[in-house]
Amino acid sequence: MLHQSEKKATIAVVGGGIAGSTVALYLSELGLEVCLYERKPTLVSGPPMCHLHAGGNLYREISDKQCIQLLRESIDLLRFYPDTVDYRPTVIATPVDDEGKPSDLFARLEILQREYARLIQKDPRNKVLGEVEDYYKIYSRETLEALRQQELVDFPETMDEWMIPVAKEMDLDRIQY
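Conventions and cut-offs
Residues numbered from 1 in each chain as written. Predicted model: local features only at pLDDT ≥ 70, side-chain atom pairs only at ≥ 80, totals over all residues. Heavy atoms only, no water. Helix = DSSP H or I, 4+ residues; strand = E, 2+ residues; numbered from the N terminus. Contact = heavy atoms within 4.5 Å. Buried < 20%, exposed > 50% of the residue type's maximum accessible area, 1.4 Å probe, protein only. Salt bridge = Lys/Arg side-chain N within 4 Å of Asp/Glu carboxyl O. Axes fitted to C-alpha atoms, helices over the stretch in contact; angles between N-to-C directions. Parallel < 35°, antiparallel > 145°, perpendicular 65-115°, else oblique. Nonpolar A, V, L, I, M, F, W, Y, C, P; charged D, E, K, R; others polar. Patch = residues over 30% accessible without salt bridge, like charges linked within 9 Å, V, L, I, M, F, W, Y side chains within 5 Å. Areas by Shrake-Rupley, 256 points an atom, 1.4 Å probe, with all protein chains shown as cover. Polar contact = N/O pair within 3.5 Å; in protein donor to acceptor, adjacent residues only side chain to side chain. Left-handed = near helix turned anticlockwise from the far one by under 90°.

(A) Molecular detail of the overall build of the protein chain. Each helix and strand in the protein chain was counted, giving six helices and two strands. Long-range pairs, those at least 24 residues apart, make up 54% of the contacts in the protein chain with a sequence separation of at least 6.

(B) The environment of Tyr135, seen in detail. Looking at the element boundaries, Tyr135 is found in the loop between α4 (106–122) and α5 (141–148). Overall, the relative accessible area of 15% leaves Tyr135 in the buried class. Each C-alpha atom, one on Tyr135 and one on Glu110, is 9.2 Å from the other, the two residues being 25 residues apart in sequence.

(C) View of the pattern of salt bridges. Following the criterion strictly, the structure yields nine salt bridges and no others. Residue Arg125 is joined to Asp123 by a salt bridge in which the shortest nitrogen-to-oxygen separation is 2.8 Å. Note on Arg125: relative accessible area 55%, which makes it exposed. Classification of Asp123 as buried rests on a relative accessible area of 17%. Ionic pairing is found between Glu145 and Arg141, a salt bridge with its closest N-O pair at 3.2 Å. Highlighted residues: Glu145 and Arg141, both in helix α5, separated by four residues, approximately one helical turn. According to the relative accessible area criterion, Arg141 is partly exposed, its value standing at 26%. Several salt bridges share partner residues, and in doing so they unite Arg72, Glu115 and Arg118 into one network.

(D) Structural context of the side chain of Asn126. Here Asn126 shows up in the loop between α4 and α5. Contact partners of Asn126, with chain neighbours within four places excluded, come to Ile75, Arg79, Tyr116, Leu119 and Ile120.

(E) Looking closely at the packing of α5 against helix α6 (residues 159–169). Interhelical geometry of α5 versus α6 gives an angle of 90° and a closest axis separation of 8 Å. Accordingly, the angle class assigned to the pair α5 and α6 is roughly perpendicular. Of the residues in α6, those touching α5 at Leu144, Leu147 and Arg148 are Asp160, Met163, Ile164, Ala167 and Lys168. Tallied by class, residues from the contact of α5 with α6 come to five nonpolar, no polar and three charged.

(F) The environment of Ser74, seen in detail. Residue position: Ser74 is located in helix α3 (residues 64–80). Ser74 gets classed as buried once you look at its relative accessible area, which sits at 2%. C-alpha separation for the pair Ser74 and Asn126, spaced 52 residues apart in sequence, amounts to 9.9 Å.

(G) Here's a closer look at a nonpolar patch on the surface. On the surface, Tyr26, Leu30 and Leu32 cluster together into a nonpolar patch covering about 300 Å² of accessible area. Judged by relative accessible area, which is 45%, Tyr26 ranks as partly exposed.

(H) Molecular detail of the environment of Gln66. Counting through the fold element by element, Gln66 comes out in helix α3. Within the structure, Gln66 has its side chain in polar contact with the backbone nitrogen of Ser63 (distance 2.7 Å).

(I) Expanded view of the packing of α3 against α4. The N-to-C vectors of α3 and α4 enclose an angle of 40°; their axes lie 10 Å apart at closest approach. One finds that α3 runs oblique with respect to α4. Relative to α4, the crossing made by α3 is right-handed. Touching Asp64, Cys67, Ile68, Leu71, Arg72 and Ile75 of α3 are Arg108, Ile111, Leu112, Glu115, Tyr116, Arg118 and Leu119, all from α4. Here the residues of the contact of α3 with α4 sort into eight nonpolar, no polar and five charged.

This is how it looks when you write it as structure tokens:
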């Protein structure tokens, strides 16, 4: 039996957001006993981090400057948590009843792709979102129709392979091109 002075202390971390989870993981990796307290029923209470970057930077309500900042913060977070990267592509489709047009997003995507390339050139460790040329890909209806005819791939590696089930399941008449 351990003497009271020989027992390991347990560190309590309150809040399972990014900061609390980061601290809890870091301390546990140091070999310390950690208890994480979160008021919500799960740590996954918001969108996955990759979606904050991938989808969040296309909100019309935020500026290009805010999008670039979100990209930088996403890269910083993914460098700290490399195992949290979800390499599946994020599919963004504009419904036919949306007032905007898909082409409205192209300028922002190009800005973000150039910034991503610049950040990688500045520090190669910033390459956490895949290849620069794969930052985004635009699909036409014809391409989606062709993908719909292909067989599903057990372990997709390319964006096109990931898009096969999307093309098969999405109602192509309900989105803009």
